[in-house]
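# Reading the structure
The primary structure of each chain is shown beneath.
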Amino acid sequence: MSDVMIEARDLTKHYGTVTALKNATFEVNRGEVVGFLGPNGAGKTTTMKILTCFVAPSAGTARVAGADIFEDPIAVREAIGYLPESTPLYTEMLVLEYLEFAGKMRGLTGEGLRARLRKVVEETSLGDVIGKSIGELSKGFRQRVGLAQALIHEPPVLILDEPMSGLDPNQAAEIRELIREIGRERTIILSTHNLAEVQVTCGRVLIISRGQLVADDTPEELAARAGKPRFIATVQRNGQSPTDISEVFSKIGDAQSVKERDGSAPNELVVEVVPKGNQDLRADIFQAAVGAGLILVGLEQRGENLEDIFRQLTTGGAGAEP
Ligand SMILES: Nc1ncnc2c1ncn2[C@@H]1O[C@H](COP(=O)(O)OP(=O)(O)O)[C@@H](O)[C@H]1O
Ligand SMILES: [Mg+2]
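Residue positions are given per chain, counting from 1 as you read along its sequence in written order. Chain letters start at A and ligand numbers start at 1, both assigned in the order the entries are written. Where local features are concerned, this predicted model is filtered to residues with pLDDT of at least 70; where side-chain atom pairs are given and counted, the filter is 80 or more; whole-chain, interface and lining totals use all residues.

Once that is clear, we can look at the site of ligand 1. Among the 12 residues in the neighbourhood of ligand 1, the closest are listed as Tyr15, Ala20, Lys44, Thr45 and Thr46. Secondary structure elements are taken from DSSP: a helix is a run of H or I of four residues or more, a strand is a run of E of two residues or more, and numbering for both begins at the N terminus. Elements supplying a minimum of two residues to the shell around ligand 1: strand S2 (18-29) and helix H1 (44-51). Under the scheme applied here, ten amino acids are nonpolar (Ala, Val, Leu, Ile, Met, Phe, Trp, Tyr, Cys and Pro), four are charged (Asp, Glu, Lys and Arg), and all others, including Gly, are polar. Of the residues in the shell around ligand 1, the class split is 4 nonpolar, 7 polar and 1 charged. We count a residue as near a molecule or strand when its backbone-placed C-beta atom lies within 6 Å of that partner.

We now examine the sheet that holds strand S3 (residues 33-37). A pair of strands is labelled paired if DSSP reports no fewer than 2 bridges between them. If you trace the 6 strands from one edge of the open sheet to the other, you get S6-S7-S8-S3-S9-S10, paired in mixed fashion. Edge strands, defined here as strands with exactly one partner in the open sheet, are strand S6 (80-83) and strand S10 (212-217). Across the sheet, the mean angle separating the axes of adjacent strands is 15 degrees when strand polarity is ignored. With 5 bridges connecting them, S3 and strand S8 (residues 187-192) associate as parallel partners. Bridging from a neighbouring strand, Val33 pairs with Ile188 of S8. Against the sheet, H1 makes contact with S3, strand S7 (157-161), S8 and strand S9 (204-209), and its axis sits at roughly 150 degrees relative to S7, the strand it touches most. Only the stretch in contact is used when a helix axis is fitted, and all axes are lines through C-alpha atoms; the angle between N-to-C directions ranges over 0 to 180 degrees. Any residue pair is listed as a contact if its two C-beta atoms, each placed from the backbone, are within 7 Å.

Here we come to the pairing of S8. By the criterion of burial, S8 is predominantly enclosed, with 6 of the 6 residues buried. Buried, partly exposed and exposed are defined by the number of other C-beta atoms within 10 Å of a residue's own C-beta, namely 20 or more, between the two limits, and 12 or fewer respectively, with C-beta atoms placed from the backbone. Here S8 shows a buried face lined by Thr187, Ile189 and Ser191 and a second buried face lined by Ile188, Leu190 and Thr192. The handedness of the S7 to S8 crossover, carried by helix H6 (residues 169-182), is right-handed. A clockwise path from the first strand over the helix to the second, with the strands pointing away from the viewer, defines a right-handed crossover.

Domain start and stop positions are those given by an automatic or database domain assignment. With domains assigned, the protein chain is organised as domain 1 (4-225) and domain 2 (229-303). Look at where the C-alpha atoms of domain 1 and domain 2 centre, and you get two points 49 Å apart.

On to the nonpolar core, then. A general feature of soluble globular proteins is that nonpolar side chains tend to end up buried together. Defined on buried residues, the nonpolar core groups Ala, Val, Leu, Ile, Met, Phe, Trp, Tyr and Cys residues joined through C-beta atoms within 7 Å. Formed by 65 residues in total, the largest nonpolar core has its most connected members in Val64, Ala148, Val157 and Ile159. Tallying contributions element by element places helix H5 (residues 139-151) first for this core, with 6 residues. Judged by nonpolar contacts, the second largest core, of 16 residues, contains Ile245, Phe249, Val258 and Ala288.

Turning our attention to unusual backbone geometry. One non-glycine residue, Ser125, lies in the positive phi region at around 50 degrees. With respect to the helices and strands, the residue Ser125 is situated in the loop between helix H4 (110-123) and H5. In this structure, Arg210 takes a positive phi of about 50 degrees despite not being glycine. Its location among the elements puts Arg210 in the loop between S9 and S10. You can call Arg210 buried: it has 21 C-beta atoms within 10 Å.

Taken together, the buried positions of helix H10 (residues 282-291) are Ile285, Ala288 and Ala289. Down the axis of H10, the buried set is contained in an arc of 100 degrees. They therefore lie on one face. Summarising the geometry of H10, the exposed residues directed more than 90 degrees from the buried face are Ala283, Gln287, Val290 and Gly291. Two residues or fewer after H10 comes Gly293, characterised by a positive phi angle close to 70 degrees. Taking the helix axis as origin, the arc is that swept by the directions to the C-beta atoms.

So, about the confidence of the model for the protein chain. Of the residues in the protein chain, 94% reach a pLDDT of 70 or more, and the chain-wide mean stands at 90. What pLDDT reports is the predictor's confidence in each residue, on a scale of 0 through 100. Low confidence marks residues 317-322, where pLDDT is under 50. Its contacts with residues over four positions away, or in another chain, come to 16 contacts.

Here is the structure:
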């Protein structure tokens, strides 16, 4: 088997007049944990349903673990553990009963089934709750049950649709850690609309917006796109002209540009200083102000952060919500 575990070629999906997905082409290699990042309505769930053979694409095709979604959907499903967006968990069932059921649905029986149950319960740390009904569990534990269900048949590929959504920060951190553990020996695609999640969990990020892939980067590459910092200094005017004040900061060696605007108070001027590279100019700004007898009443660093990049890539037009 080649190292490409998921291969999507020109996937397109129309729902009536809505184009949910348009010519999506991407590959995921063995062992990668790839984040599928996009705002609500971007087409993440649609892509995942196509890969798991729950929905047929209108055009294009895909292969999972070497099997074609059209020619061999059974092999595709066998290769995949799937955690749907809203897990259809049976709330009255006990955790163990449910996982047994999930295993039987995957064709496991007898000692083979018991061995896998023991393994997934251990992997997802469900030991303390296997005798509880699913309805009693916290959302975080329900997600663990969903993950255990996805892992029961030892699939090489996991497709997780918004596995951290709806969890509180502690639960999300636990699930994230669990996914990282699980991802050591598996290929994973997980979707999210939360940028911070992919940064820590994923080795690569596919950004999808309005049905189209708009970026395929490592989190580091995405961060590098995030551009330069800017420094916002607020000084008292004390009768000096804005241009005279700006001039003070223009003399900073590493400053590329200096712009001034009115501050929120009448006696204040706000000066924005952009460095030539990525230099931190806070100390230079402070010293320049002191040297010129200016009273600095505020100084902060801003930058185009990843959130800004994400927003730039994914906003504007139908289907993109914040
Ligand atoms: N069964 C469906 N029928 C009609 N439109 C759908 C259906 N499923 C999804 N869509 C539409 O397709 C687009 C992509 O949806 P989806 O793949 O669920 O996005 P995401 O998971 O990124 O939020 C949205 O505009 C959504 O309204
Ligand atoms: Mg979705």
